[in-house]
Amino acid sequence: MPAFATVLAVVAILYFAKEVLLPLAIAVLLTFALAPISSRLRKFGLPRIVAVVTTVVLAFLVLILFGLVVAGQIAEVAQNLPAYQDNIIGKIRSLQESGTDNGIVQRLTSVVESVGREINNAGQNQAAPGAVPSREPMLVEIFAPSRPIETLTNLISPLLGPIASLGLIVVVVIFMLLEREELRDRFIRLVGYGDLHRTTEALQEAGSRVAVYLLMQLVVNCAYGIPLALGLWAVGIPNAVLWGMLAIVLRFVPYIGPVIATVLPLFLAFAVDPGWSLVLWVAAIFLVLELTSNNIVEPWLYGSRTGLSPLAIIVAAIFWAWLWGPVGLILSTPLTVCLAVLGRYVPQFEFLEVLFGSEPVLDPKERLYQRLLAGDPDEATDQAEEMLEEDYLEDYYGKVAIPALLLAEQDRRRGVLTAEQMEHVYETATTLVSNLEDIAQEEEQEEDDGSEATGEISKAPSEEENSRDEEDLPDGTGRTIVCLGGRGPLDDASAAMLAQVLQVQGAEVVAARHSDVANRRSRDLIPKEANAIVVCFLNEDSAKHAGILVRRFKRMYPTSRVGAVLWPDSEEERPLPALTEADFTAFTLTDAAREALSGEAPSSLARPRKIQIRTRPTARTVIARVEADT
């Protein structure tokens, strides 16, 4: 509740104090954007105050010139719009005549025609001074004579607010750039004096993220707006410069801005051309530019990433637009970036990083365990295939899948995972393994091709290939291996994963469940010619039970290497148990596969010692011993 009350208080302050906070927010973001330029000018030898003033003056001159050009272009478009009404009416009538009228077109036609009649009537009344005036009553408003000073005051007063805000922003930006280091030190002393390292990292990351975002977004927008203006000018759209400049500005507004920048030129093309060819040309220009910008320009300018999730950008745009209006909509992404950085470095605001950040909030093993619990093998397969684009099955199972099963084992030991849920996890995990069969076959084919290439061509391997060869598993061609679950369904799932890794190496693998061993069905499942038998346990405390199974299998299959895998919990630091009677004891998937594929001979099982039963001597035995002694 205190945290919730604090959030409400902050939102209320942002809303009711927006007249003060909005110029300050704009000034802070402009300071982030202009700081690299000022620093570059200082490296050229300019004094600090000269570099700062030059940077600010040039930046605001560019903004003012940009605004004047846009205002002039908008005025010209407004003057030319009445000339396009005939084309609009003609196209709507053509749609009506084509048989596609469903009521909407008719209403649009009536509206446009009524507007056209009003415009024509107004023009006729102005053009015919001797015409008979209309009999309809006319509204007459009496204006009192005003003085020139009052007229000038009425014209200037609406502009005082924006001009004052602009001047305040300019002054604040200049002083922030001049005293940037001093402001940084004061901020550190105020909020992070106890942890200078974390506070310094937070300030540097916030400044670099916002500056890079604004700069790269400007570059991306210019790379979009300039070709757009040239393309619209080439096809004959009036005021093409205006639409290119508006595209540069509107694309700063997430998601909504590009749509507005597209609709306006399309509507103008609809109004200007009596036919439809110009509309198609404009649509093609926008399509080509969007594909180029999204697939080439933005990936190339990697710094345009904000570190925010797409949903967070939309929600932030709605929130800041509600707080501060259209200006808040433009500032929404940079402000939310700062909040995400705050949540990353301040523990009390960690929820901001969780809500807004683009990085996954769960580890891959936690995400997989959640999908196993939910019984969703399809999404689990999608996640696995995404990781397997860079890793091998051996790495995925060892670093993600087996740790996910260990999380399930922890829940089982805590008593929160029922037997039915464990069976559900096993079924989902085995479905995942089955879905990855195609990838396993591809890796097996790569192994075969690699071995053939090694035998045919002799060349000096690179350092990366040498490191990979050292970790490569032995060839399993011609070997038969049995993988068994130890005590439960989770162990069975780990055995199925190990079995698929061994199949990739070319071995013939038989996978069996723990229930098959308990029901003594293993004689039918395990072939006599098996080279190795591996029993998998996710619970390290099962070493005693593992020893029993190892001894049983060594007596039943003396020609097979018998070992156990005790998957360790990485969160617990304790000595790992070793089975003295097993041919091998492994603690990782790679070690288990390497030992199972090893060509070493199995060790012989020690003969059981004879048990001597000592009984308590009777009274007759004691008397006989005494007589014998005497």
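First, a word on what this report is: a plain description of the structure on this page. Source: prediction; values computed, not measured. Within each chain, residues carry numbers counting from 1 in the order of the written sequence. Local features in a predicted model are, by the rule used here, given only for residues with pLDDT of at least 70; side-chain atom pairs are given and counted only at 80 or more, and totals for whole chains, interfaces and linings are based on all residues. Water and hydrogen atoms were dropped before computing side-chain values, which therefore reflect all heavy atoms in the structure.

Let's shift gears to the pattern of salt bridges. Whenever Lys or Arg places a side-chain nitrogen within 4 Å of a carboxyl oxygen from Asp or Glu, that contact is recorded as a salt bridge. A full pass over the atoms with the stated rule returns 11 salt bridges. Put simply, E423 and R513 hold a salt bridge, and the shortest N to O gap is 3.0 Å. Of the two residues, E423 sits in helix α17 (residues 419-435) while R513 sits in the loop between β2 (508-512) and α21 (514-518), which places them 90 residues apart along the sequence. Taking relative accessible area as the criterion, E423 reaches 26% and is therefore assigned partly exposed. Taken together, the salt bridges that share partners define one network made up of R371, D376 and E379. Helix and strand assignments follow DSSP, with helices taken as H or I runs no shorter than four residues and strands as E runs no shorter than two, numbered in order from the N terminus. Here's how the labels work: a residue is buried when its accessible area is under 20% of the maximum for its type, exposed when over 50%, partly exposed in between, all with a 1.4 Å probe on protein chains only.

The next point concerns the pairing of strand β4 (residues 561-566). Among the 6 residues of β4, 6 are classified as buried, and the element is accordingly described as predominantly covered. Burial along β4 is two-sided: R561, G563 and V565 and V562, A564 and L566, pointing in opposite directions, are all buried. Should DSSP find at least two bridges between two strands, the strands are taken to pair. Where strand β3 (residues 532-537) lies against β4, 6 bridges are found, and the strand directions are parallel. In the sheet register, F537 faces β4, and the bridge partner there is L566. Between β3 and its parallel partner β4, the chain crosses via helix α23 (residues 543-556), and the hand of that crossover is right-handed. Sheet topology note: the β4/strand β5 (residues 584-586) ladder contains 3 bridges and is parallel. Pairing of G563 across the sheet is with F584, part of β5. When the strands point away from the viewer and the path from the first strand over the helix to the second turns clockwise, the crossover is right-handed.

Pairing is parallel across the open sheet formed by 5 strands, whose spatial order is β2-β1-β3-β4-β5. Two strands lie at the open edges of the sheet, namely β2 and β5, each paired on one side alone. Averaged over neighbouring strand pairs, the angle between their axes works out to 20° when direction is ignored. Bridge count for strand β1 (residues 480-485) against β2 is 5 bridges, and the pairing is parallel. Along β2, the bridge assignment pairs T480 with E508. Interaxial angles span 0 to 180 degrees and are taken between N-to-C directions of axes, which are lines fitted to C-alpha atoms, for helices over the stretch in contact.

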